[in-house]
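# Close look at the chain arrangement
The lines below spell out each chain.
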Amino acid sequence: MRGFHFLLGIFFFLLPSRGYADYPRPWQMYYQDPVTPVMEHLYAFHATLLVIEGLIVFTVAALLIFVVIRFRASKNAVPSKMAHNTLLEIIWTTIPVLILAFIAFPSFKLLYMMDVTPKSQLTIKATGNQWYWTYEYPDHNIRFDSNIVPEDQLKPGQLRLFEVDNRVIVPTHTNIRVITTSSDVVHSWAVPAFGVKRDSIPGRLNETWFHVKQEGVYYGQCSELCGVKHGFMPIVIEAISPAKFEQWLASKKSPSQPTSGG
Ligand SMILES: [Cu+2]
């Protein structure tokens, strides 16, 4: 696993820091590259589980093959009538319990890490609507809708079914709290590269958080069936440096029309 992370590090190092984007690729079989601590932990936990599961599958398969060959009819014409073996039963109950306990500790640690928002410097409210997202930055008095760019209006290089007219702009290296709700039916605000997926439920505020380590554009989708255009309300997060984020905030605050003096 360490070797794999080393390769991943080289991969990130070789990537240009600008223009990085993560979205589903055709025939993609694995996760997007993790860019938040939560997703890094999810990734590592998944890799650990895969090893444990692999060992279990290998052991059980080996036992089965051994039994099939060793006790086949031609070599074992008179089968044993034994039905119980207390020691064996204790062993095959205890070992799975120990494995589950071993898995449970990192699992709960991760669940709490995902659940409890660390002290955050920015709050974003994402409201699901049929079928677009409304974003608010309550501390900065910013509010806008984010609609999909229809296929016939895509500019070259834009992603089909993934591009929106107004992206969510966030600073990197900042703890960001996301509160999410809905104005109509249940939606779900999900960004795979962040390891984030929270249901947006009318009349309720759900909370999650992320901390992006790398500048780039990250694509997500509504992940709860919410009607005929469920597949047409993507989520696009653009992570920029904190300095550039301050500029963006200022540009959002300054009135777009020049005010007449007096
Ligand atoms: Cu939806």
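It should be noted that the structure appears before, not after, this text.
Quick caveat, the model's predicted, so the values are computed rather than measured.

How each quantity is defined
- Residues numbered from 1 in each chain as written.
- Predicted model: local features only at pLDDT ≥ 70, side-chain atom pairs only at ≥ 80, totals over all residues.
- Pairing = 2+ DSSP bridges.
- Helix = DSSP H or I, 4+ residues; strand = E, 2+ residues; numbered from the N terminus.
- Axes fitted to C-alpha atoms, helices over the stretch in contact; angles between N-to-C directions.
- Buried ≥ 20, exposed ≤ 12 C-beta atoms within 10 Å, placed from the backbone.
- Parallel < 35°, antiparallel > 145°, perpendicular 65-115°, else oblique.
- Left-handed = near helix turned anticlockwise from the far one by under 90°.
- Contact = placed C-beta atoms within 7 Å.
- Core = buried A, V, L, I, M, F, W, Y, C linked by C-beta atoms within 7 Å.

Bringing the sheet that holds strand β6 (residues 176-182) into the picture now. Ordered in space as β4-β3-β2-β6-β9, the five strands form an open sheet in which the pairing is mixed. Across the chains shown, the open sheet's two edge strands, defined by having one partner strand only, are β4 (142-146) and β9 (206-210). Each adjacent strand pair in this sheet contributes to an overall mean axis angle of 25°, direction not counted. Note that strand β2 (residues 122-129) and strand β3 (residues 132-137) share five bridges and pair antiparallel. Bridge pairing in β3 links Lys125 to Glu136.

In this model, Gln130 is joined to Trp131 through a cis peptide bond whose omega is 5°. Relative to the helices and strands, Trp131 resides in the loop between β2 and β3. Here the phi dihedral of Trp27 falls at roughly 65°; this positive angle occurs in a residue that is not glycine. Structurally, Trp27 can be placed in the loop between β1 (21-22) and α2 (37-70). Located in the positive-phi region is Asn141, a residue other than glycine, with phi close to 60°. Summarising the element assignment, Asn141 is placed in the loop between β3 and β4. A residue is classified by how many C-beta atoms lie within 10 Å of it, and Asn141, with 9 of them, is exposed.

Below, the discussion takes up the packing of α2 against helix α3 (residues 86-115). It is at 10 Å that the axes of α2 and α3 come closest, and there the two elements cross at 170°. What the angle tells us is that α2 and α3 run roughly antiparallel. Note on packing geometry: the crossing formed by α2 with α3 is left-handed. When α2 is examined against α3, the residues Val38, His41, Leu42, Phe45, Leu49 and Ile52 are found in contact with a partner set consisting of Ile99, Ile103, Pro106, Leu110, Met113 and Met114.

By size, the foremost hydrophobic cluster in this structure holds 30 residues, and its most contacted members are Val178, Val191, Phe194, Tyr218 and Ile237. Per-element accounting of this core gives the leading share, four residues, to strand β11 (residues 235-240). Apart from the residues lying within four places of it in its own chain, the contact partners of Val191 are Val196, Tyr218, Gly220, Ile235 and Ile237.

The next thing to look at is the pairing of β3. Here β2 folds back onto β3, and the loop between the two strands holds two residues. Looking at chain direction, β3 and β4 are connected through five bridges and run antiparallel. Each residue of the ladder has a partner; that of Thr134, found in β4, is Asp145. Hairpin remark: β3 followed by β4, antiparallel, with four residues in the connecting loop; positive phi at Asn141, about 60°.

Right, let's get into the environment of Gln221. Along the chain, Gln221 falls in strand β10 (residues 216-222). Distance in space between the C-alpha atoms of Gln221 and Tyr23 is 10.0 Å, their sequence separation being 198 residues. If we skip the residues at most four places from it in the chain, Gln221 touches Ala190, Pro234 and Ile235.

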